[in-house]
Amino acid sequence: MRVTSLFCTDLISMQFTMKFLPVAILFLCLGRNASAQVSYKDLPISWSDFTPTDQIRVNAHGTAAISVHTEYSWESSVKNNKVAYIDFKSKLTVNRKESFVLRSFMRTANAERKARLLRHEQGHYLIGLIKHLWLEQAISEYRFTRNYKEEIRKICKQVEDRAAKLNSDYDRETEHSLIEDKQLAWEKRLLDTFNELNDNKTKLPLQFDLKLTVNL
């Protein structure tokens, strides 16, 4: 068996009641499910997650930046050259040392401006969650072949590029939160996209572990 690993987030009324009670229960359940979504207040990101600094970090733009990482790794074993077993793991993390906010901004900005910029950075965190769900979906749905190692690398690269473009578009169109109407539109777009991908669950998908079998 070969093992490979790689490291790279009432009577009449009674009849009426009995007939329509299941419908009422159904509506109640649907109502609860529809409201059981993640909102921005559920995201575990606050200014305490940012390191105050006196100057903008290298390769960074704007007053603040959050550093969100998707840490994934996988290992595989092959049995009798016929079947490959793949264990793909991924975890979403925030690097607080790399996340920063300018001290001058925190000292001089009013509460509204601070809240708006924090919401913008929470949007980047949401993109990290979206990327994580894209990766889980892509890996779990792909029909791997004997070239599964290259196929996994290709999927990861495609998801990385897709998320990078989403982050870039978000910053460009909102000018890092300065265009208020664009920022509000993006906030809704990102949250709706996430909740749809997350099947309206209230739990944040911070990690996953996929076990796959490939016939060679």
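Predicted model, so just to flag it, every value in this text is computed and none were measured.

Asks: Whenever I open this one, helix α4 (residues 148-174) confuses me. Can you help?
Replies: For the α-helix, the turn length of 3.6 residues means that residues three or four positions removed from each other point alike. In this model, α4 (27 residues) spans 39 Å end to end at C-alpha, consistent with the 39 Å of a helix rising 1.5 Å per residue. Every buried residue of α4 is listed here: Y148, E151, I152, I155, C156, V159, A163, L166, D169, Y170, D171 and T174. On its buried face, α4 sits against β4 (68-79), β5 (83-94), α3 (111-141) and α5 (180-197). Phi for E175, located one or two positions after α4, is positive at around 50°.

Asks: What exactly am I supposed to notice about the sheet that holds strand β2 (residues 51-53) here?
Replies: Either a parallel or an antiparallel arrangement is found when strands of a sheet pair, and the pairing is made through backbone hydrogen bonds. The three strands are arranged β2-β6-β3 in an open sheet whose pairing can be described as mixed. Since the sheet does not close on itself, it has two edges, and those belong to β2 and β3 (64-65), each with one partner. Alignment of β3 against strand β6 (residues 100-102), held across two bridges, turns out to be antiparallel. For A65, the partnering residue across the bridge sits in β6 and is F100.

Asks: Can you walk me through the environment of S104 in this structure?
Replies: Note on placement: S104 falls in helix α2 (residues 103-108). Sequence separation between S104 and D54 is 50 residues, and the spatial gap between their C-alpha atoms is 7.1 Å.

Asks: What's the story with the confidence of the model for the protein in this structure? I'm lost.
Replies: Looking at the protein, pLDDT values average 85 and 81% of them are 70 or higher. Within the model, the stretch residues 9-34 combines pLDDT values under 50 with 15 contacts to residues more than four positions away or in other chains.

Asks: Hey, could you run me through the nonpolar core in this one?
Replies: If you look at soluble globular proteins, the nonpolar side chains tend to sit buried side by side. By size, the foremost hydrophobic cluster in this structure holds 49 residues, and its most contacted members are F88, Y125, L135, I139 and L190. Put simply, the parts of the chain that give this core at least two residues each are β4, β5, β6, α3, α4, α5 and β7 (207-215). Among the elements that take part in this core, α3 stands out by supplying eleven residues, more than any other. Setting aside residues up to four positions removed in sequence, L190 forms contacts with Y40, G123, L126, I127, I130, L166 and Y170.

Asks: Just to check I follow, could you spell out the packing of aromatic side chains for this structure?
Replies: Evaluated as defined, the whole model comprises seven aromatic pairs. When the centroid spacing of 5.9 Å and the interplanar angle of 15° are considered together, the rings of Y72 and F88 count as stacked. Taken together, the residues span a long stretch of sequence, with Y72 in strand β4 and F88 in strand β5 at a distance of 16 residues. Residue classification places Y72 among the buried positions, given a relative accessible area of 10%. Ring geometry for F88 against F208: centres 6.1 Å apart, planes inclined by 10°, an arrangement best described as stacked. With F88 in strand β5 and F208 in strand β7, this pair connects stretches of sequence that are 120 residues apart. As far as burial versus exposure is concerned, F88 and F208 are alike and both buried. Every member of this aromatic cluster is reached through a ring pair, and the members are W47, F50 and F105.

Asks: In this structure, what is going on with the side chain of T174? I would like to understand it.
Replies: By secondary structure assignment, the location of T174 is in helix α4. A polar atom in the side chain of T174 sits 2.7 Å from the backbone oxygen of Y170. Leave out the neighbours within four places in its chain, and T174 touches H120, I179, K182, Q183 and W186.

Asks: Before we go on, may I ask you to explain the environment of K89 in this structure?
Replies: Tracing the backbone through its elements, the reader meets K89 in strand β5. K89 gets classed as partly exposed once you look at its relative accessible area, which sits at 41%. Taking the C-alpha atoms as reference points, K89 and S73, 16 residues apart in sequence, are found 5.4 Å from one another. Residue contacts for K89: discarding those within four places in its chain leaves E71, Y72, S73, F208 and D209.

Conventions and cut-offs
Residues numbered from 1 in each chain as written. Predicted model: local features only at pLDDT ≥ 70, side-chain atom pairs only at ≥ 80, totals over all residues. Heavy atoms only, no water. Helix = DSSP H or I, 4+ residues; strand = E, 2+ residues; numbered from the N terminus. Expected span 1.5 Å × (residues − 1). Buried < 20%, exposed > 50% of the residue type's maximum accessible area, 1.4 Å probe, protein only. Contact = heavy atoms within 4.5 Å. Pairing = 2+ DSSP bridges. pLDDT = per-residue confidence, 0-100. Core = buried A, V, L, I, M, F, W, Y, C linked by side-chain atoms within 4.5 Å. Phe/Tyr/Trp six-rings, centres within 6.5 Å; stacked < 30°, edge-to-face > 60°. Polar contact = N/O pair within 3.5 Å; in protein donor to acceptor, adjacent residues only side chain to side chain.

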